[in-house]
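As a plain string of letters, each chain reads:
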Amino acid sequence: MLDFIQSLSDGVLFGATYALIGIGFTLVFGVMHKLNLSYAAASVGGAYCGLLVLKVFAGAPPLAVFFCAFLAGGLLGYIVYLACFHFIPISNPLATLMATVGMLLLVDEVIVHQTDGMPLNYPALFDDVMLRAGEFTLRGDLLMVFVVSILCMAGLLALLYRTRLGLATRAVSQQAVAAQLCGIRVGQVNAMTFVITGLLGGIAGAMIGASVGTLSPLLTTPLTIKGLIVTVIGGLGSIPGAIVAGLLVGGFESVLQQYRGVTERDLYVMLLLFVFLVFRPGGLFAPKEGRD
Amino acid sequence: MALLELKSVSRHFGGVRAVDGLDLVIEPGQIFGLIGPNGSGKSTTVNLITGLFPLTSGSIVFQNEDLEKLPTHLRLQTGIARTFQNIRLFGQLTAWQNLWVAQNSPADWAKRGFFSRWLGGQSGVREEISQLLEFSGLAHRQDELAANLAFGEQRRLELARALATRPKLILLDEPAAGMNTEEIGQLRERILKIRAQGTTVLLVEHVMELVMGVTDRIAVLNFGQKIAEGTPVEVQADAAVRKAYLGGGE
């Protein structure tokens with residue numbers, strides 16, 4: 001029983017990073033009705049860029065690395081927007097989708113080339129802290145990952161629901177033509193969406209690096225798949241759905257890893273996806289039917 | 001001097017001439033009616049004026065400015081607003097927020113820098129929103145999601161949202177569709193008030209009791225071409241108009 005609770009809590013804490021990745025997919029889909037398949041790869045890329053701080057200032061604190069990853073993620077988000085959605089006609093859905101696949105592979109190749117394919121160590125905070133309650137333990141670095149991720153989500157929700165930019169973003173996602181006629185520049189809002197999801201992605205990548213202890217180019221593909229699964233389980237376009245689904249998938253895979261081993265666990269995650277697609281295709285919080 | 005001028009405007013979709021060599025002049029302060037049978041090009045004309053698709057030929061001049069190069073969101077900022085035949089509200093925003101979104105005119109933003117423009121909250125919201133909600137009879141519904149409003153309320157909210165952009169010209173695309181006689185009477189009052197506040201109105205409408213009672217001047221379209229123009233009385237007496245509407249042989 002203790003094993004179960006232990007692996008579940010570890011998984012849920014780590015699942016916060018999946019939730020961030022899922023939010024990135026879901027927000028772009030919600031606003032533009034497009035999939036940005038390069039998102040997880042760009043997030044890992046942002047995390048790698050965070051390491052540049054250590055190259056310039058050896059011994060820089062982990063927070064500086066995280067912050068640099070955050071900014072680099074936002075910049076990469078903008079580059080992805082320009083490359084895949086600005087200069088490629090957005091009215092051609094297949095062209096933009098394939099452009100993001102190309103971007104995924106490109107980011108991957110750049111990482112492999114720059115690091116010779118070797119994993120790099122990633123700094124963490126509180127990795128020597130261990131909270132104990134009897135046999136049950138909480139890793140300090142995982143708690144830090146969880147708290148930072150939750151803060152980022154709170155920031156995003158505040159931005160979406162408390163500011164004019166958020167209002168404009170929601171307006172574009174619900175009714176793009178009318179938004180234009182309210183004087184909103186749809187292209188600008190789309191670009192902002194990519195920058196914001198990119199910032200979140202940079203943090204997500206850094207948090208994954210911090211909790212695993214290393215970054216490797218091998219991360220991008222499984223992370224893309226997990227992010228998409230989280231997006232589908234949460235319901236395409238639903239941010240609360242992505243948050244809950246991220247934690248759910250994190251906990252689920254951790255428990256199955258405990259009982260069935262690391263090579264078998266992803267099999268069950270895929271099965272979970274199919275269970276959702278069959279029984280609840282609209283996701284956890286299937287959106288209410290509006291009249292528009 | 002004309003507020004809006006369409007000079008031999010055409011829009012072809014493949015072989016279909018949705019609008020074909022249309023000339024229109026709308027003077028400031030007018031309530032101008034645009035009528036015609038289904039498929040005669042009325043909605044296309046409104047879409048062309050708002051820039052939702054480009055002209056095949058001709059030009060549109062608003063306040064001495066050629067609109068051709070202007071993307072839709074900037075046309076709004078020059079003072080053109082519209083409502084849609086099929087209502088396009090932001091369904092998951094409240095009635096109040098639907099109007100807040102529309103406050104994007106240069107005057108709203110001139111004083112604000114990037115951060116207060118994008119990251120600012122509800123401060124600096126004009127009182128106008130509550131006045132417009134009052135005007136539309138929606139004050140008691142302001143916190144309701146637009147998707148949950150009744151059909152008539154949604155139509156009124158869409159009109160209020162167009163007014164929130166402070167237009168000089170408002171294009172109403174079949175605002176009376178699906179309304180009962182009482183609601184049409186209220187709409188008529190609202191259109192007259194809008195004009196009284198100095199906004200010019202282009203009214204595209206099927207409901208004749210509204211068009212004939214409220215407009216100063218009417219143009220009649222058929223198959224994308226203007227077949228008549230004049231005061232309501234003149235247009236009603238026009239033989240070509242009667243034929244277009246009632247059909248019938250030579």
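The sections below set out a description of the structure shown in this document. (Residues numbered from 1 in each chain as written. Chains lettered and ligands numbered in written order. Predicted model: local features only at pLDDT ≥ 70, side-chain atom pairs only at ≥ 80, totals over all residues. Heavy atoms only, no water.)

### With respect to the sheet that holds strand β5 (residues 65-66) of chain B
Whenever strands of a sheet pair, they do so through backbone hydrogen bonds, lying parallel or antiparallel.
All names here are of chain B.
Working step 1: The strand order β2-β1-β4-β5 describes an open sheet built from 4 strands, whose pairing is antiparallel. Both outer strands of the open sheet, β2 (16-26) and β5, are each paired with one neighbouring strand and no more.
Working step 2: Sheet topology places strand β1 (residues 4-13) next to strand β4 (residues 57-62); 5 bridges connect them, and they run antiparallel. Residue pairing in the sheet places E5 in a bridge with V61 of β4. (Pairing = 2+ DSSP bridges. Helix = DSSP H or I, 4+ residues; strand = E, 2+ residues; numbered from the N terminus.)

### Re the sheet that holds strand β6 (residues 80-82) of chain B
All names here are of chain B.
Working step 1: Strand order in the open sheet formed by 6 strands is β6-β7-β8-β3-β9-β10, and the pairing between neighbours is mixed. Looking at the sheet topology across the chains shown, the edges are occupied by β6 and β10 (225-230). The average undirected angle you get between the axes of adjacent strands in this sheet is 20°.
Working step 2: One ladder, built from 5 bridges, connects strand β7 (residues 169-173) with strand β8 (residues 200-204); its direction is parallel. (Axes fitted to C-alpha atoms, helices over the stretch in contact; angles between N-to-C directions.)

### Section: the layout of surface pockets
Working step 1: Here the second largest pocket is characterised by a volume of approximately 610 Å³.
Working step 2: If you list the elements that add at least two residues to the lining of the second largest pocket, you get α1 (2-32), α8 (186-212), β4 (214-215), α9 (220-234), α10 (239-260) and α11 (262-279) of chain A. (1 Å grid on protein atoms, 1.4 Å probe; cavity = no way out; pocket = protein on both sides within 12 Å on 5 of 7 lines; lining within 4 Å. Points joined across faces, edges and corners; volume = space filled by probe spheres on them.)

### A word on the packing of α9(A) against α11(A)
All names here are of chain A.
Working step 1: Running from amino to carboxyl end, α9 crosses α11 at an angle of 30°, the nearest separation of the two axes being 10 Å. In terms of axis orientation, α9 runs roughly parallel to α11. With respect to the hand of their crossing, α9 and α11 are arranged in left-handed fashion. Note on element contacts: α11 touches α9 through R265, D266, V269, M270, L272, L273, F276 and L277, opposite I225, K226, I229, V232 and I233.
Working step 2: In terms of residue class, the contact of α9 with α11 is built from 10 nonpolar, no polar and 3 charged. (Parallel < 35°, antiparallel > 145°, perpendicular 65-115°, else oblique. Left-handed = near helix turned anticlockwise from the far one by under 90°. Contact = heavy atoms within 4.5 Å. Nonpolar A, V, L, I, M, F, W, Y, C, P; charged D, E, K, R; others polar.)

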